[in-house]
Amino acid sequence: MPLPPQLNAGELSRMTRSEIEEKLLEHADSLYEEREREFGEENMRVLERVVMIRTIDRLWMDHLTAMDEMRRGIGLEATGQRDNTIVIFTSDHGEMLGDHALILKGCRFYEGAVHVPLIISWPGHFRAGYRTDALVELVDIVPTLYEALGMEIPGYVQGKSFLPLLTGREATGEPRDFVRSEYHDSLHRHFVRSEYHDALDRSFASHADMIYDGRFKLVVYHSHEVGELYDLQDDPFEFHNLWTDPARQSLKLDLMKRLFDAVMLSTDPGQPRIGRY
């Protein structure tokens, strides 16, 4: 995208990053409106769909290429380290790739974004080919590795070990009754990408939490009256929001209470108490 004509090198040198980004966004909006007047609203909608499809194709191929490069680059078999190495394949989040007409990610908790793969292998120690629908969170990986290596799990480590699911040598009860995910588009500028700088100054920044118990998924958007509640057994593609369904209000309240407790219990307890007070 070309720079706005009113922005020259001298002008840019006197602007902050946030001011530059704001100008670029304004320019992008004006270009879009200009193209919409030129091509017509319906044609622009068609163009947006074409762009989305091409973006999805490119992202999908990028993912496949990256996974293939990682697989070839590990080289554990060639170096004789496969049997003493725990290999984990997972991701911090998914990509929408067209689900619900969305791409990438954001303050949404649809399955395409939050239900990530988790494949763990350790020959001779973990069950090979075993699959389970047990609920686990990414924070559970760390205590699981501690326990797998015979190390004491530090008190400050969050999460629950799911080693029994991997070994099959102990009771295989699910380590969690529900899982939780959160999104906060408001962090200090040192911890976010440049396009999210000054998020703390944006009153519309999104804060949301999700809880999923294996069937029902509740999403709470903080400081807003809207929310989402899905029955993934009857509605696996999450098209029917039950948030305002009178018959589901008791369920919604129960999930909100469990979510509230989970958020509070995830707070850092601080230093261990060694004295009486």
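Owing to the predicted nature of the structure, the values given are computational and were not obtained by experimental measurement. (Residues numbered from 1 in each chain as written. Predicted model: local features only at pLDDT ≥ 70, side-chain atom pairs only at ≥ 80, totals over all residues. Heavy atoms only, no water.)

The phi dihedral of Ser223 is positive, around 70°, even though this residue is not glycine. Residue position: Ser223 is located in the loop between β5 (216-221) and β6 (227-231). In the Ramachandran plot, Glu238 falls in the positive-phi region, its phi being about 60° despite a non-glycine side chain. Structurally, Glu238 is set in the loop between β6 and α8 (249-265). For Glu238, a relative accessible area of 4% gives the class buried. (Helix = DSSP H or I, 4+ residues; strand = E, 2+ residues; numbered from the N terminus. Buried < 20%, exposed > 50% of the residue type's maximum accessible area, 1.4 Å probe, protein only.)

The grouping of Trp60, Met61, Leu64 and Met67 at the surface amounts to a nonpolar patch, some 370 Å² of accessible area in total. Counting through the fold element by element, Trp60 comes out in helix α3 (residues 41-74). (Patch = residues over 30% accessible without salt bridge, like charges linked within 9 Å, V, L, I, M, F, W, Y side chains within 5 Å. Areas by Shrake-Rupley, 256 points an atom, 1.4 Å probe, with all protein chains shown as cover. Salt bridge = Lys/Arg side-chain N within 4 Å of Asp/Glu carboxyl O.)

Moving on, we come to the confidence of the model for the protein. Of the residues in the protein, 74% reach a pLDDT of 70 or more, and the chain-wide mean stands at 79. pLDDT under 50 marks residues 186-193. Its contacts with residues more than four places away, or in other chains, come to 11 contacts. (pLDDT = per-residue confidence, 0-100. Contact = heavy atoms within 4.5 Å.)

This next bit is on the pairing of strand β4 (residues 207-212). Burial within β4 is extensive, with five of its six residues counted as buried. Relative to β4, strand β3 (residues 179-184) runs antiparallel, the two sharing six bridges. The residue of β4 that forms the bridge with Tyr183 is Ala208. Of the pairings in the sheet, the one linking β4 to β5 comprises five bridges and is antiparallel in character. Paired with Tyr212 across the strands is Lys217, a residue of β5. Connecting the antiparallel pair β4 and β5 is a turn made up of three residues, with Gly214 showing a positive phi of about 100°. (Pairing = 2+ DSSP bridges.)

On to the nonpolar core, then. Phe109, Ala208, Met210, Tyr212, Val219 and Tyr221 are the most contacted members of the largest nonpolar core, which has 14 residues in total. Mapped onto this core, the elements with two or more residues apiece are β4 and β5. Looking at which element gives the most residues to this core, the answer is β4, with three residues. With sequence-adjacent residues up to four places away left out, Ala208 is seen in contact with Cys107, Phe109, Ser181, Glu182, Tyr183, Val220, Tyr221 and His222. (Core = buried A, V, L, I, M, F, W, Y, C linked by side-chain atoms within 4.5 Å.)

Once that is clear, we can look at the packing of aromatic side chains. Inspection of the entire model under this criterion finds three aromatic pairs. Ring plane angle 50° and centroid distance 6.3 Å describe the contact between Tyr110 and Tyr230, whose orientation is recorded as tilted. Here Tyr230 lies in strand β6 and Tyr110 lies in the loop between β1 (87-90) and α5 (111-114), a separation of 120 residues in the sequence. Of the two residues, Tyr110 and Tyr230, both sit in the buried class. (Phe/Tyr/Trp six-rings, centres within 6.5 Å; stacked < 30°, edge-to-face > 60°.)

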